[in-house]
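Below are the chains, spelled out letter by letter.
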Amino acid sequence: MDLHLKNLFERFQEQFGSGPGLGPGSGSCLMKVEGIAPNFIKSVFKASAALYRTDPWKRLRPGHLFGVRIGKDSDWSSKKQLFPCVQFIGGDGGDVGFHMFRSENDAKKMTGSRETIRVPDVELLRVTYEPESLIFPSNRKMIKILSLEVSGADKYPVIDVACSISSGELRFRKPTLEELRFVYAFMKAISLVHPLLQKDNDGGPKWSSLTHFEPFIETVDVQWPPEMAKVNELVAVTISHPPGQAYEEKVSSTPGSTPTKYAEPPREEIFLDVKLSSNSSLRQCSLCEKEAYGDQALCCGQCRAVVYCGSVCQKQHWKETHKSMCGLYKAMMEREEELAMKIFMFPCSADQPCEWLETLEIHQKGMWRRKCSCYSHCPFGLLPVKGGLWDSWGGLNDQEYPQDSPFVNHLRDGISSPILLSGWSEYYNLRSLPMSSPVSDILSHPLTVYHVLTALSISSKNLLLKGKEVILHYLGPEGELDWMPAFAEIGHLLNGSGNIHIVMVGPEVPTNLSGTTSGISSRVRVNLVRGIYQEEANYLPSPHVIVALNCGLDGYAAWGGALDLIKVMGIPTFLTEQSELSCTNAKQVLRGAGLHITHPVTPNPFRSPVKISGTSTNLPSYSNGFLLGVNT
């Protein structure tokens, strides 16, 4: 009987043990890994817990394979990536975790329809989350001694390397310190990027129950923990889905581990005379900067992104610079459909702002006066104000703009807390606004700030939940100085929890307003300071967060000193740019200043839905279009 129960239990473990289809966990203890420091074990468990909180298993299944590239091949002892292919397991049953493979081919051979297939002589690294009650005593002792962070309610990661021999039996070993470094960097990066996967409704066979995602690639900088004591403190981690070589290494004389991305130029130098629409506004040639109206201007026939005054400039620009960038621009143009917000029922293209505002009957009215150049003679912050909120919103109908009133009956578990928003649809629904209302074009600024404080900056969110004040430094305000009625909406969204002190600092703050403080709502106050941030920062209250919206990092030399200060301060900083091209340039500026992007470039859910017409390119551009962050 005892023998029968023993065999039954072993079969149960083999079927339901950690790592679906691979049997029970091996009980490997990280304390026994040669050369490992206790603090690094703590860092691994922290990274594991952070990944667990993002719940990738909600959407990801073993059939979703990810390509992984961490630093350069030469960074690893084998001179190649250790585990360049990863899958998440347990989303459809069993213990959750992930498998890391030596190659994409290995991953495909071991991925069955229901469970992991044992393939002889194929090695994989397993990370599985197991309840504390089921893990081996040596691991429980390690958890207690080091006070390791728990994942979820009661789970901890178990890490081992498994290999099936020809008889079908499994052999296990402890991961090496180098392999744990690889795992650590992957967990830090995938926690940031997997939420960015976009569902592809037209991808894959109709009969398949597997969710398909659009092709995806993103690179983020991951900071090694202090105990790693590496010369280079950061490493570039590239995650792609599906796996594939989208990056290739280029030998460089400068140190660093960041791979270089190359856009493949068109194979044939074919120049097409693609005319722009005749109703387009004044454009500027990308090469000679000569002005040309829409019906006279041409654009590149390959990417359709770059504007020229004629074919001579087009051919010369191709030879000089555009040939190497055309593929990248084409990829950016292909995202235009994805970025367009089709939920709105008002015109979302403003080639000529005055005409757009006239169409909506709000031209030269209220806060909308900052949406065209008609009032450019009036300094920012000093627009004449006639009356109340109705006038500020340009005389829109009462049902078309947010009223100065709290959100009623919006409690979580009977407790007031900040209202968490996922995007414009949810906000418009909460305020009962029609989708024909254009207020999102102005509210993009305050709601982007609110999104940063309640969704991106965890420390700020925690302060607000505790009813405390968050201090935010807002750099480079311009038109926002005339939009205080819109910023008052932040106070209502706080929903009775916490306070926000916004310090707006910039050279466009009028002298007569500098030093003033306005209580724009009971929970939001705005302090205005004229000057350059790096010169004024010592006189300001220490911030919890720094933001700069539509900052145009590559266009203003004054940003240099501000970025140096942000690096020294180490304060979480979030920036928005209008286009992907601006983000590409911004990343170069940030890295040149020694700052490392810890929140990858993502479309801002609270970007303005109104497309901005560029002067020399057709690239999709929106106010507060894309978010990125440093020191987060």
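- Going by an unreviewed UniProt entry, the protein carries the name MYND-type domain-containing protein and comes from Rhizophora mucronata.

### Brief notes about the packing of helix H2 (residues 38-54) against helix H5 (residues 177-193)
Then step 1. Where H2 meets H5, the closest approach of the two axes is 9 Å, and the angle between their N-to-C directions is 30°. Remark: the crossing between H2 and H5 carries left-handed chirality. Where H2 abuts H5, its residues Phe40, Ser43, Val44, Ala47, Ser48, Ala50, Leu51 and Thr54 lie against Leu177, Leu180, Arg181, Tyr184, Met187, Lys188, Ile190 and Ser191.
Then step 2. Looking at side-chain class alone, the contact of H2 with H5 contains 10 nonpolar, four polar and two charged residues.

### What to know about the confidence of the model for the protein
Detailed reading of the predicted coordinates is not advisable wherever pLDDT is low.
Then step 1. Confidence along the protein averages 83 in pLDDT terms, with 86% of residues attaining 70 or more.
Then step 2. A low-confidence stretch, residues 8-19 (pLDDT under 50), is modelled with 22 contacts involving residues beyond four sequence positions or located in other chains.
Then step 3. Note on residues 245-273: pLDDT is under 50 here. Beyond four places in sequence and across chains, it has 51 contacts.

### Concerning the packing of H2 against helix H4 (residues 137-146)
Then step 1. Axis separation between H2 and H4 bottoms out at 11 Å; the angle between their running directions is 100°. The angle between H2 and H4 falls in the class roughly perpendicular. Contact residues: H2 offers Pro38, Ile41, Lys42 and Phe45, while H4 offers Met142, Ile143 and Leu146.
Then step 2. A class-by-class count of the residues in the contact of H2 with H4 yields six nonpolar, no polar and one charged.

### Observations concerning the pattern of salt bridges
Then step 1. Tallied over the full model, the rule gives 13 salt bridges.
Then step 2. Its salt-bridge partner being arginine 69, residue aspartate 73 comes within 3.6 Å of it at the nearest N-O pair.
Then step 3. With relative accessibility at 10%, the residue arginine 69 sits in the buried group.
Then step 4. Note that glutamate 179 and arginine 173 form a salt bridge whose closest N and O atoms lie 2.8 Å from each other.
Then step 5. You can call glutamate 179 buried: its relative accessible area is 6%.
Then step 6. Counted as one network, the salt bridges with shared partners bring together Arg102, Glu123, Arg173 and Glu179.

### Remarks on the pairing of strand S20 (residues 573-577)
Consecutive residues of a regular strand have side chains that alternate between opposite faces of the sheet.
Then step 1. Across the five residues of S20, five count as buried, placing the element largely inside the fold.
Then step 2. Residues Thr573, Leu575 and Glu577 of S20 are buried on one face, and the alternating residues Phe574 and Thr576, pointing to the opposite face, are buried as well.
Then step 3. For the crossover that starts at strand S19 (residues 545-548), traverses helix H16 (residues 559-569) and ends in the parallel S20, the hand is right-handed.
Then step 4. With five bridges joining them, S20 and strand S23 (residues 626-630) adopt antiparallel strand pairing. Each residue of the ladder has a partner; that of glutamate 577, found in S23, is phenylalanine 626.

### Overview of unusual backbone geometry
As a rule of thumb, non-glycine residues mostly have phi less than zero, and peptide bonds are mostly trans rather than cis.
Then step 1. Cis geometry is found at the peptide bond from histidine 241 to proline 242, where omega equals -5°.
Then step 2. Within the secondary structure layout, proline 242 lies in the loop between strand S8 (234-241) and strand S9 (274-275).
Then step 3. Residues other than glycine seldom take positive phi values, yet lysine 79 does so here, at roughly 60°.
Then step 4. Inspection of the secondary structure assignment puts lysine 79 in the loop between strand S1 (65-70) and strand S2 (85-89).
Then step 5. Residues other than glycine seldom take positive phi values, yet asparagine 495 does so here, at roughly 60°.
Then step 6. Of note, asparagine 495 is situated in the loop between helix H14 (489-493) and strand S16 (499-506).
Then step 7. Residue class for asparagine 495 comes out buried when judged on its relative accessible area of 10%.

### Let's talk about the packing of aromatic side chains
Then step 1. All chains considered together, the criterion is met by 22 aromatic pairs.
Then step 2. Considering the side-chain rings of tyrosine 52 and tryptophan 57, the 5.7 Å spacing of their centres and the 50° angle between planes classify their relative orientation as tilted.
Then step 3. The exposure class assigned to tryptophan 57 is buried, which follows from its relative accessible area of 5%.
Then step 4. Look at tryptophan 57 and tyrosine 129: their rings are 5.5 Å apart centre to centre, the planes differ by 80°, and that puts the pair in the edge-to-face class. With tryptophan 57 in the loop between H2 and S1 and tyrosine 129 in strand S4 (residues 123-131), the pair connects residues that are 72 residues apart, well separated along the chain.
Then step 5. For tyrosine 129, a relative accessible area of 0% corresponds to the buried category.
Then step 6. Aromatic rings pair up to connect Tyr52, Trp57, Phe66, Phe88, Phe98, Tyr129 and Phe186 into one cluster.
Then step 7. Its end group placed over the ring of tyrosine 375, arginine 369 keeps NZ or CZ at 5.4 Å from the ring centre.

### Describing the nonpolar core
Side chains that are nonpolar tend, in soluble globular proteins, to be buried together.
Then step 1. If you look at the biggest cluster of nonpolar residues, it comprises 57 residues, and the most contacted ones within it are Trp393 and Ile502.
Then step 2. Here the element with the most residues in this core is helix H11 (residues 440-456); it accounts for seven residues.
Then step 3. Sequence-distant contacts of tryptophan 393, that is, excluding residues within four places in its chain, are made with Ile362, Met367, Trp368, Tyr401, Pro402, Val439, Ile442, Leu443 and Ala486.
Then step 4. Counting 55 residues, the second largest nonpolar core, distinct from the first, contains Val33, Ala47, Met100 and Phe213.

Rules and cut-offs
Residues numbered from 1 in each chain as written. Predicted model: local features only at pLDDT ≥ 70, side-chain atom pairs only at ≥ 80, totals over all residues. Heavy atoms only, no water. Axes fitted to C-alpha atoms, helices over the stretch in contact; angles between N-to-C directions. Helix = DSSP H or I, 4+ residues; strand = E, 2+ residues; numbered from the N terminus. Left-handed = near helix turned anticlockwise from the far one by under 90°. Contact = heavy atoms within 4.5 Å. Nonpolar A, V, L, I, M, F, W, Y, C, P; charged D, E, K, R; others polar. pLDDT = per-residue confidence, 0-100. Parallel < 35°, antiparallel > 145°, perpendicular 65-115°, else oblique. Salt bridge = Lys/Arg side-chain N within 4 Å of Asp/Glu carboxyl O. Buried < 20%, exposed > 50% of the residue type's maximum accessible area, 1.4 Å probe, protein only. Right-handed = clockwise from strand over helix to strand, strands pointing away. Pairing = 2+ DSSP bridges. Phe/Tyr/Trp six-rings, centres within 6.5 Å; stacked < 30°, edge-to-face > 60°. Lys NZ or Arg CZ within 6 Å of the ring centre and 35° of its normal. Core = buried A, V, L, I, M, F, W, Y, C linked by side-chain atoms within 4.5 Å.

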